[in-house]
Amino acid sequence: EDQVTQSPEALRLQEGESSSLNCSYTVSGLRGLFWYRQDPGKGPEFLFTLYSAGEEKEKERLKATLTKKESFLHITAPKPEDSATYLCAVQASGAAGNKLTFGGGTRVLVKP
Amino acid sequence: DAGVTQSPTHLIKTRGQQVTLRCSPKSGHDTVSWYQQALGQGPQFIFQYYEEEERQRGNFPDRFSGHQFPNYSSELNVNALLLGDSALYLCASGSRGSGANVLTFGAGSRLTVL
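Model, not experiment: these values are computed from the prediction. (Residues numbered from 1 in each chain as written. Chains lettered and ligands numbered in written order. Predicted model: local features only at pLDDT ≥ 70, side-chain atom pairs only at ≥ 80, totals over all residues. Heavy atoms only, no water.)

1. Re the packing of aromatic side chains
Taken as a whole, this structure holds 10 aromatic pairs over all chains when the rule is applied. Centroid distance A:Tyr36 to A:Phe46: 5.9 Å. Interplanar angle 75 degrees. Geometry classified as edge-to-face. Of this pair, A:Tyr36 sits in strand S4 (residues 30-38) while A:Phe46 is found in strand S5 (residues 45-50), placing the two residues 10 residues apart along the sequence. Looking at A:Tyr36, the relative accessible area reads 0%, which means it is buried. Measuring from centroid to centroid gives 6.0 Å for A:Tyr36 and A:Phe102, while their planes differ by 50 degrees, and the two rings are tilted. Here the residue A:Tyr36 occupies a position in strand S4, and A:Phe102 occupies one in strand S10 (residues 101-102), the gap between them amounting to 66 residues. Looking at A:Phe102, the relative accessible area reads 6%, which means it is buried. Joined through ring pairs, the aromatic side chains of A:Phe34, A:Tyr36, A:Phe46, A:Phe102, B:Tyr35, B:Phe45 and B:Phe105 make up one cluster. (Phe/Tyr/Trp six-rings, centres within 6.5 Å; stacked < 30°, edge-to-face > 60°. Helix = DSSP H or I, 4+ residues; strand = E, 2+ residues; numbered from the N terminus. Buried < 20%, exposed > 50% of the residue type's maximum accessible area, 1.4 Å probe, protein only.)

2. Examining the nonpolar core
For soluble globular proteins, the rule of thumb is that nonpolar side chains tend to be buried together. Counting 22 residues, the largest nonpolar core has A:Leu21, A:Leu33, A:Trp35, A:Leu73, A:Tyr86 and A:Val108 as the members making the most contacts within it. Among the elements of the structure, strand S2 (10-14), strand S3 (19-26), S4, S5, strand S7 (62-66), strand S8 (70-75), strand S9 (84-92) and strand S11 (106-111) of chain A are those that each provide at least two residues to this core. When residues of this core are assigned to their parent elements, the largest contribution, four residues, is made by S9(A). Leave out the neighbours within four places in its chain, and A:Leu21 touches A:Ser7, A:Leu11, A:Trp35, A:Ser71, A:Phe72, A:Leu73, A:Ile75, A:Tyr86, A:Thr106 and A:Val108. Membership of the second largest hydrophobic core comes to 20 residues, among which are B:Val4, B:Cys23, B:Trp34 and B:Tyr89. (Core = buried A, V, L, I, M, F, W, Y, C linked by side-chain atoms within 4.5 Å. Contact = heavy atoms within 4.5 Å.)

3. Details of the interface of chain B and chain A
Quoted interface sizes are often the accessible area lost when the parts come together. Listed per partner, the contact involves 25 residues of chain B and 24 residues of chain A. Together chain B and chain A conceal approximately 1700 Å² of surface at their shared face, both sides included; 52% is due to carbon and sulfur atoms. Along the contact surface separating chain B from chain A lie six residue pairs in polar contact (both at pLDDT 80 or more). Those elements that provide at least two residues to the side of chain B that touches chain A are strand S4 (31-37), strand S5 (44-50) and strand S9 (87-94) of chain B. Among the elements that line the side of chain B that touches chain A, the one with the most residues is S4(B), at four residues. Along the lines of polarity and charge, the residues of the side of chain B that touches chain A split into 11 nonpolar, 14 polar and no charged. (Buried area = accessible area lost by both parts, 1.4 Å probe. Polar contact = N/O pair within 3.5 Å; in protein donor to acceptor, adjacent residues only side chain to side chain. Nonpolar A, V, L, I, M, F, W, Y, C, P; charged D, E, K, R; others polar.)

4. Notes on the state of the cysteines
For the structure shown, the criterion picks out two disulfides over all chains. Paired by a disulfide, A:Cys23 and A:Cys88 hold their sulfur atoms 1.9 Å apart. Residues A:Cys23 and A:Cys88 are joined by a disulfide whose S-S torsion is about -60 degrees; by sign, that bridge is left-handed. Remark: A:Cys88 occurs in strand S9 and A:Cys23 occurs in strand S3; sequence separation between them is 65 residues. Here A:Cys23 matches A:Cys88 in class, with each residue buried. A sulfur-sulfur distance of 1.8 Å marks the disulfide that ties B:Cys23 to B:Cys91. Where B:Cys23 bonds to B:Cys91 through sulfur, the torsion about that S-S bond is close to -65 degrees, and the disulfide is left-handed. Here B:Cys23, found in strand S3 (residues 19-24), pairs with B:Cys91, found in strand S9; they are 68 residues apart in sequence, far enough to count as distant. Like B:Cys91, B:Cys23 is buried. (Disulfide = S-S within 2.5 Å.)

If you want it as structure tokens, here you go:
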């Protein structure tokens, strides 16, 4: 069974204080690993898809990396508007459909 | 371009009642999936529809059922509501294909069971 574990559960940062979020996963075969951002009371918003170990993607202050067992989301010099819950999910190969298995998320609060 | 739209946004039911939630997928998408998100947790996969049939199902009882219409929109039905069914119900749409494909989520329907 596919499993995704995210750590830490919550993270409090000062504005400008860089940090990393961890996503550990086990999956029979990885079709893709996804990062989403979720604001309170809203649906998840897509950030990145990573497909194979060694791949990296960047968007503004966010950078996602992937190994065979985990992914990291690095937040560089965060601003208060980066406060949100960040969700990691995997999509398995070999299965019909596009089901996502999510982790529990990391709640990030950036204080000015 | 409208994204995924869900209705209603909020609703309150009592134990034992039945509820129907609705979803219109993003333009160009033909698959619809439903997820349940309890407070403070990640979304849990309920089921997925394409070509008007249920194709994958997560670990949810038969009280949870769905439907997809010819225009790709979808409904989620939950019978005999329990207190534990209180959650945010998310609809996600996507496209069929061999590669990893991005799901687009709606804002969700917040269900409270009293």
